[in-house]
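# Tertiary structure, described
This is what each chain is made of:
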Amino acid sequence: MPMSEMVAATVDIANNQKHDATADARLAAIVDSSFDAIISKDLTSIITSWNLAAERMFGYTAEEAVGQSILMLIPDHLKSEETEIISKVRGGHRVASYETTRRRKDGVLISVSLTVSPIKNANGEIVGASKIARDISAAKESERRIRLLMREVNHRVKNQFAVILSMVRETSKRSTDPLEFEELIRARIMALSRSHDLLVTSEWAGASLFDLIQEHLKPFGREEQILLSGPVLTLQSNAVQNLGMAFHELGTNSSKYGALGSEDGQVKITWTISSGAQESGAQDLGAKDFGTNSVAASGGRDFQLCWTETSTPRPDDKADESARKGFGTVVLQRVAPQSLGGSAQLERSPGRLSWRLNAPLASIIVPQAGVDADDDAAPGFGR
């Protein structure tokens, strides 16, 4: 071979080697900077390379992992997966992305998405496998929460249907005018919707008692005539629904016949927490129609709420108020207290109405381990 050709061949070999070295360095940089764990192993499942993302995902350093069996990442009940993977790799097949579980160094199980491809040497022989793992734990947790919320929503929707059917039945018994019936049903369904909105906002974690009262009384106006006083409490969803119905009925009655229908009227709502339980003894006569469960008072602290309104008596006011003993009375005297495992007293007289509720605190508030109810008073409605 002429000298010039030998020199040219030598230069080509050097250029190729330089190009290969550059490509290898680029590939190594890509692997190290990847957010996915990239691991290589031989056909006996021994780890031969381990990138930085693998260290972050599984907790092992490269020094700890390289030379160890990949089985150290696989939970015992899934070790058969590795046998299947190696069998496919030996046959030259790529293992398409699939979801499984792997174990970190600290023993924590994580959800991962895996893709496995054969590794060939310069002669085209399969000598190992490259595995790309992506941590999908956050996505799996999100899916779990969505499924949980969907089940909760399904339960709540059925509960709301039962409440609405009962409203229709009870209201129809006490209404002879179709237009009045339609108006009452619409208003009561909208009241349920307001309670529902508060629960949806908190992802069914509960709602503030102050917010619940404010939401149900706001449509009647007269905020400056409403005073609220009591500790800050987060109500359970069952309490939100039933107390919401009670506040709607009280507000509706007040706007038609009482304090919220006159310039000089005043509504005072107070709630307290007392020690010592009160035996309820109430039977669940009507609460089941409203999709609720009765909770018996058996001990611990009690929740006490009092709605008191005063106004100038009207000429047509009667002490017994028999004409107004309709669906609202059923809610206040039976449905709301019994659904909360408590009892209630409703008293009417000219220019005055009082509703007192007593129920076990455990059936009212969201349980919080080691945290007592805040004794600070809630602000007034209109402040």
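Here the structure is shown first, and the text comes after it.
Now for a description of the structure that goes with this document. Because the structure is predicted, anything quoted here is derived from the model rather than measured.

### A look at the packing of aromatic side chains
Evaluated as defined, the whole model comprises 2 aromatic pairs. With a centroid separation of 5.9 Å and 45 degrees between ring planes, the pair formed by Trp50 and Phe58 is classed as tilted. What makes Phe58 buried here is its relative accessible area of 2%. Considering the side-chain rings of Trp50 and Tyr60, the 6.5 Å spacing of their centres and the 80 degrees angle between planes classify their relative orientation as edge-to-face. Taken together, the positions of Trp50 in strand 2 (residues 47–50) and Tyr60 in the loop between helix 2 (52–58) and helix 3 (62–65) put the pair 10 residues apart, joining distant regions of the chain. Summarising the burial analysis for this pair, Trp50 and Tyr60 share the class buried. Three or more aromatic residues link up through ring pairs in this structure, and these residues are Trp50, Phe58 and Tyr60.

### A word on the packing of helix 7 (residues 209–217) against helix 8 (residues 237–257)
The description of two helices packed together rests on the angle between their axes and the distance between the axes. Interaxial distance between helix 7 and helix 8 falls to 9 Å at its minimum, and their mutual angle equals 40 degrees. By the criterion of interaxial angle, the relationship of helix 7 to helix 8 is oblique. Two packed elements cross with a definite hand, and for helix 7 against helix 8 that hand is right-handed. Within the contact between the two elements, helix 7 uses Leu209, Leu212, Ile213, His216 and Leu217 and helix 8 uses Val240, Leu243, Gly244, Phe247, His248 and Gly251.

### Section: the pairing of strand 1 (residues 37–42)
Taking burial as the measure, the 6 residues of strand 1 include 5 buried ones, the bulk of the element. Of the strand pairs in this sheet, strand 1 and strand 5 (residues 126–135) are connected by 6 bridges, and their pairing is antiparallel. Note that in strand 5 the partner of Ala37 across the bridge is Ala133. In the sheet, strand 1 pairs with strand 2 via 3 bridges, with the strands oriented antiparallel. Looking at strand 2, one finds that Lys41 is bridged to Ile47. Where strand 1 folds back on strand 2, the antiparallel hairpin that results is connected by 4 residues, among which Ser45 adopts a positive phi of roughly 70 degrees.

### Here's the deal with helix 4 (residues 80–90)
Along helix 4, the residues that are buried comprise Glu81, Glu82, Ile85, Ile86 and Val89. Down the axis of helix 4, the smallest arc covering the buried residues is 130 degrees, so these residues share one side. Turned more than 90 degrees off the buried face of helix 4, the exposed positions are Thr83, Glu84, Ser87 and Arg90. Against the buried residues of helix 4 lie strand 1, strand 3 (95–103), strand 4 (109–120) and strand 5. Phi turns positive one or two residues past the end of helix 4, at Gly92, with a value near 80 degrees.

### Things to note about helix 9 (residues 327–339)
The α-helix advances 3.6 residues per turn, and as a result positions three or four apart in sequence lie on the same side. Look at helix 9: only 16 Å from first C-alpha to last across 13 residues, short of the 18 Å you get at 1.5 Å a residue. The positive-phi residue at the C-terminal boundary of helix 9 is Gly341, with phi of around 70 degrees.

### Digging into the side chain of Ser339
Summarising the element assignment, Ser339 is placed in helix 9. Taking the relative accessible area as the measure of exposure, Ser339 reaches 0% and is therefore buried. A polar side-chain atom of Ser339 sits 3.1 Å from a polar atom in the side chain of Asn242. A distance of 2.9 Å separates a polar atom in the side chain of Ser339 from the backbone oxygen of Ala336.

### Re the sheet that holds strand 11 (residues 343–349)
Read from one edge of the open sheet, 5 strands run 7-9-10-12-11, paired in mixed fashion. Each edge of the sheet is formed by a strand with only one pairing partner; in this case those strands are strand 7 (226–229) and strand 11. Here the strands of the sheet are splayed against their neighbours by 10 degrees on average, with no regard to which way each runs. Here strand 7 runs beside strand 9 (residues 266–274); their pairing, made up of 4 bridges, is parallel. By the bridge assignment for strand 9, Ile226 is matched with Val267. Sitting on the sheet, helix 7 touches strand 7, strand 9 and strand 10 (302–310), and the angle it makes with strand 9 is about 160 degrees. Across the sheet, helix 8 touches strand 9, strand 10 and strand 12 (352–360), and the angle it forms with strand 10 is around 10 degrees.

Criteria and cut-off values
- Residues numbered from 1 in each chain as written.
- Predicted model: local features only at pLDDT ≥ 70, side-chain atom pairs only at ≥ 80, totals over all residues.
- Heavy atoms only, no water.
- Phe/Tyr/Trp six-rings, centres within 6.5 Å; stacked < 30°, edge-to-face > 60°.
- Buried < 20%, exposed > 50% of the residue type's maximum accessible area, 1.4 Å probe, protein only.
- Helix = DSSP H or I, 4+ residues; strand = E, 2+ residues; numbered from the N terminus.
- Axes fitted to C-alpha atoms, helices over the stretch in contact; angles between N-to-C directions.
- Parallel < 35°, antiparallel > 145°, perpendicular 65-115°, else oblique.
- Left-handed = near helix turned anticlockwise from the far one by under 90°.
- Contact = heavy atoms within 4.5 Å.
- Pairing = 2+ DSSP bridges.
- Arc of directions from axis to C-beta.
- Expected span 1.5 Å × (residues − 1).
- Polar contact = N/O pair within 3.5 Å; in protein donor to acceptor, adjacent residues only side chain to side chain.

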